[in-house]
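Here is how the chains run, residue by residue.
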Amino acid sequence: MKSHHKHWDAETSVDKFATKTAQDFFKSEVRFIAEVGAELTSVLDVGCASGRLIELLKEYRTAPFRFVGVDLADNSIARAKALYPEHEFFTGDALDLDITGTFDLVNATGVCQHEPRFAELLDRMLAWSNRYVLFDAKLSDVAEDISDLSQAYCDHDPPFFFIVKSLSHLLGEIASRPEVRRVSLFGYETKKNAVTVLPPHVTRLVSTGVFLEKGPARTERDALEVRLELPGFLLAAQKRA
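The shown structure was predicted, so the numbers you read here are calculated from the model rather than taken from an experiment. (Residues numbered from 1 in each chain as written. Predicted model: local features only at pLDDT ≥ 70, side-chain atom pairs only at ≥ 80, totals over all residues. Heavy atoms only, no water.)

Participant: How would you summarise unusual backbone geometry if you had to cite specific residues and measurements?
Facilitator: With an omega of 0°, the peptide bond between D157 and P158 qualifies as cis. Locating P158 in the fold gives a position in the loop between β6 (153-154) and β7 (160-161). Positive phi outside glycine occurs at A49, with the angle close to 55°. Inspection of the secondary structure puts A49 in the loop between β1 (42-46) and α3 (53-58). (Helix = DSSP H or I, 4+ residues; strand = E, 2+ residues; numbered from the N terminus.)

And the structure:
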């Protein structure tokens, strides 16, 4: 396990996620799963912790579904297997695991804002998905992404990445993947917590769910369909970019 991942195997972190209920998920996560949850027959959850996303899925999906969870923390996976023995769970880094097949939804909420290999993970998630990809990001009115561990981080021992993305850069990264036909962003302003360290010019953060819909590869004449529900200051920054 890389040093910037070790926090997730700490007992306090494992305990925090082991008790989540359907009401404890991010607003953005609930928003998009509410839209498509009833139609999902298979889900891959990257950073699944104790598998509690299953509780949220059950709010919308009453028929059986396949659920595969991946997490870095042995203790989290042990709890997931005990809670949900009918589903599949694997310990390891999603970028190193060989998971076969595709899924209606690939979810990585809570992962991408701490993962410096975001582009590689995005490609992997798209390859695993046959319909949808869901993740979250922290956005701000910045011209460039901030992914330097010495500038932006969560101050634990050891510290781990807190990545702040530019909206225009994020949309550009998504648009460069022709298999994505539509992207929906739903975000709301949030304050950084007590252990988050950011550069002085980053004064406002937007917690944002990013929902991708796949389809036939776009050609040069096909525009990416974009739906944005974000705070006004961030949309204004996007227009200036």
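That shown, we press on.
Participant: Quick one: what's the story with the environment of V111, residue by residue and with numbers?
Facilitator: Relative to the assigned elements, V111 resides in the loop between β4 (103-108) and α5 (118-128). The class of V111 is buried, set by a relative accessible area of 18%. Here the alpha-carbon distance between V111 and F211, two residues 100 residues apart in the chain, equals 14 Å. Sequence-distant contacts of V111, that is, excluding residues within four places in its chain, are made with V46, G47, L121 and D136. (Buried < 20%, exposed > 50% of the residue type's maximum accessible area, 1.4 Å probe, protein only. Contact = heavy atoms within 4.5 Å.)

Participant: How would you explain the sheet that holds β6 if you had to name every residue and give the values?
Facilitator: Here three strands make up an open sheet; going across it, the order is β7-β6-β10 and the pairing antiparallel. For this open sheet the edge positions go to β7 and β10 (196-197), each flanked by a neighbour on one side alone. Note: β6 against β7, two bridges, orientation antiparallel. Pairing of C154 across the sheet is with F160, part of β7. (Pairing = 2+ DSSP bridges.)

Participant: Tell me about the packing of aromatic side chains, and please be specific about residues and values.
Facilitator: In the structure shown here, the tally under the stated rule is five aromatic pairs. An angle of 10° between the planes, with centres 5.1 Å apart, marks the rings of F32 and F211 as stacked. Taken together, the residues F32 in helix α2 (residues 27-36) and F211 in strand β11 (residues 205-214) connect sequence positions 179 residues apart. Summarising the burial analysis for this pair, F32 and F211 share the class buried. For the ring pair F67 and F89, a centre distance of 5.9 Å and an interplane angle of 50° mean the geometry is tilted. (Phe/Tyr/Trp six-rings, centres within 6.5 Å; stacked < 30°, edge-to-face > 60°.)

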